[in-house]
Amino acid sequence: MWLSFVGNTSFVWDYVVTDYVTGIQVVKAKTQMVWVDLADRRPAKIPDEFRERLVADPKPVVVQPFPSKPASHFKFQLSVASSDTDFNQHTNQAVYIRMCMDAASAGALKGQFTFPKELVYYNPRSVTVNYVKESKMGDCLEIACWENQSNPISVCCEITKGSEVVCQCQLEFDYDVKSKL
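In this text the structure is predicted, and so the values were computed from the model without any measurement.

> Help me understand the overall build of the protein, please; the structure alone is not making it clear to me.
Regarding its fold elements, the protein presents two helices and ten strands. Overall, the protein is about 60 × 45 × 30 Å in size when its C-alpha atoms are taken along their principal axes. Per-residue burial over the protein gives 33% buried out of 181 residues. Relative to all contacts within the protein whose residues are 6 or more apart in sequence, the contacts with residues 24 or more apart total 58%. About 11500 Å² of surface is accessible on the protein, with carbon and sulfur atoms providing 53% of the total.

Next comes the structure, spelled out in structure tokens:
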């Protein structure tokens with residue numbers, strides 16, 4: 001894990017996870033952290049004393065456009081539970097991925113996707129997450145799920161609270177699409 005970028009209000013950690021026995025890279029990821037003013041819950045300037053402790057290779061994170069949601073997609077609804085929240089009283093970042101996996105698995109079981117069974121049975125190849133807004137305990141969320149037409153081994157999920165997008169997640173799996181034929 002290393003720090004790859006420090007901006008005015010955010011910084012980025014890069015990670016690589018390697019299988020200890022085989023030496024094969026299993027996961028490569030980035031996490032962008034935003035410094036938040038707890039009083040108004042808005043991004044704030046990173047304090048100089050914290051910034052001084054960070055060493056960075058200044059490369060900005062480029063967020064790729066999220067695949068467009070088709071008119072026909074699977075819908076899944078849930079409420080944020082107390083156990084889904086963190087110290088800041090908003091939904092923990094890892095919980096959004098679990099929510100998307102649950103929603104996409106429900107869609108797969110209902111025959112909405114190329115994947116014939118729950119997604120937990122497939123090896124993940126990559127997970128891309130764009131955290132847009134926060135949600136809190138008791139919020140009712142809707143997760144729209146669809147297969148990415150340009151990449152049939154991936155499922156896109158968009159989490160909304162009312163009309164606002166909260167999170168977008170693209171899950172890509174090791175799955176031979178031809179094997180279903």
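Let us keep going from here.
> Looking at this structure, how should I read the side chain of Thr31?
Summarising the element assignment, Thr31 is placed in strand β3 (residues 25-34). In terms of polar contacts, Thr31 uses its side chain to reach the side chain of Tyr15, at 3.2 Å.

> Is there a simple way to explain the pattern of salt bridges in this structure?
Should the charged atoms of two oppositely charged side chains come close, the side chains can pair. Evaluation of the coordinates by the stated rule reveals ten salt bridges. Put simply, Asp84 and Arg98 hold a salt bridge, and the shortest N to O gap is 3.2 Å. Note that Asp84 is positioned in the loop between β6 (74-79) and α2 (93-109) and Arg98 in helix α2, a separation of 14 residues in sequence. For Arg98, a relative accessible area of 39% corresponds to the partly exposed category. Among the charged side chains, a salt-bridge network with shared partners connects Asp84, Arg98 and Asp102.

> Looking at this structure, I do not really get the nonpolar core. What am I missing?
Nonpolar side chains in soluble globular proteins generally cluster together in the buried interior. Ranked by internal contacts, the top residues of the largest apolar core, which has 27 residues, are Phe115, Cys145, Val155, Cys157 and Ile159. Secondary structure elements with two or more residues in this core: α2, β8 (140-148), β9 (151-161) and β10 (164-174). Among the elements that line this core, the one with the most residues is α2, at eight residues. When sequence neighbours within four positions are dropped, the list of residues in contact with Cys157 reads Phe66, Cys100, Ala104, Ile143, Ala144, Cys145, Cys167, Gln168, Cys169 and Leu171. The next biggest cluster of nonpolar side chains, apart from the first, holds five residues, and it includes Val6, Phe11, Ile46 and Leu54.

> Got a minute to help me understand the pairing of β9 in this structure?
Looking along a regular strand, one sees the side chains alternate between the two faces of the sheet. Burial of β9 is extensive: nine of the eleven residues sit out of reach of the surface. Examined bridge by bridge, β8 and β9 share seven bridges and lie antiparallel to one another. Across the sheet, the residue bridging to Asn148 is Asn151, located in β9. Counted between consecutive antiparallel strands, the loop separating β8 from β9 contains two residues. Pairing of β9 with β10 involves eight bridges; the strand directions are antiparallel. Residue pairing for β10: Thr160 is matched across the bridge by Val165. In textbook terms, the turn of a hairpin is the stretch between consecutive antiparallel strands, and for β9 and β10 this stretch comprises two residues, one of which, Gly162, has a positive phi near 65 degrees.

> Mind showing me how you'd approach α2 here?
Residues three or four positions apart in an α-helix share a direction because the helix packs 3.6 residues into each turn. The terminal C-alpha atoms of α2 lie 25 Å apart, and with 17 residues this matches the ideal 24 Å at 1.5 Å per residue to within 8%. Taken together, the buried positions of α2 are Val95, Tyr96, Met99, Cys100, Ala103, Ala104, Ser105, Ala106, Gly107 and Ala108. The elements touched by buried residues of α2 are β6, β7 (123-131), β8, β9 and β10. The distance from a side-chain oxygen at the start of α2 to the backbone nitrogen of Ala94 is 2.9 Å, and the residue carrying that oxygen is Asn92. Backbone geometry just downstream of α2 places Gly111 in the positive-phi region, at approximately 80 degrees.

> Would you mind showing me how to read the state of the cysteines here?
In a disulfide, the sulfur atoms of two cysteines are held together by a covalent bond. Applying the stated criterion across every chain yields a total of zero disulfides. As a non-bridged cysteine, Cys140 has Cys100 as the owner of its nearest cysteine sulfur, 17 Å distant. This cysteine, Cys145, is not joined by any disulfide, and Cys157 carries the nearest cysteine sulfur, 3.6 Å off. You can call Cys145 buried: its relative accessible area is 0%.

Criteria and cut-off values
- Residues numbered from 1 in each chain as written.
- Predicted model: local features only at pLDDT ≥ 70, side-chain atom pairs only at ≥ 80, totals over all residues.
- Heavy atoms only, no water.
- Helix = DSSP H or I, 4+ residues; strand = E, 2+ residues; numbered from the N terminus.
- Buried < 20%, exposed > 50% of the residue type's maximum accessible area, 1.4 Å probe, protein only.
- Contact = heavy atoms within 4.5 Å.
- Areas by Shrake-Rupley, 256 points an atom, 1.4 Å probe, with all protein chains shown as cover.
- Polar contact = N/O pair within 3.5 Å; in protein donor to acceptor, adjacent residues only side chain to side chain.
- Salt bridge = Lys/Arg side-chain N within 4 Å of Asp/Glu carboxyl O.
- Core = buried A, V, L, I, M, F, W, Y, C linked by side-chain atoms within 4.5 Å.
- Pairing = 2+ DSSP bridges.
- Expected span 1.5 Å × (residues − 1).
- Disulfide = S-S within 2.5 Å.

Everything listed is a geometric property; what it means functionally is a separate question.
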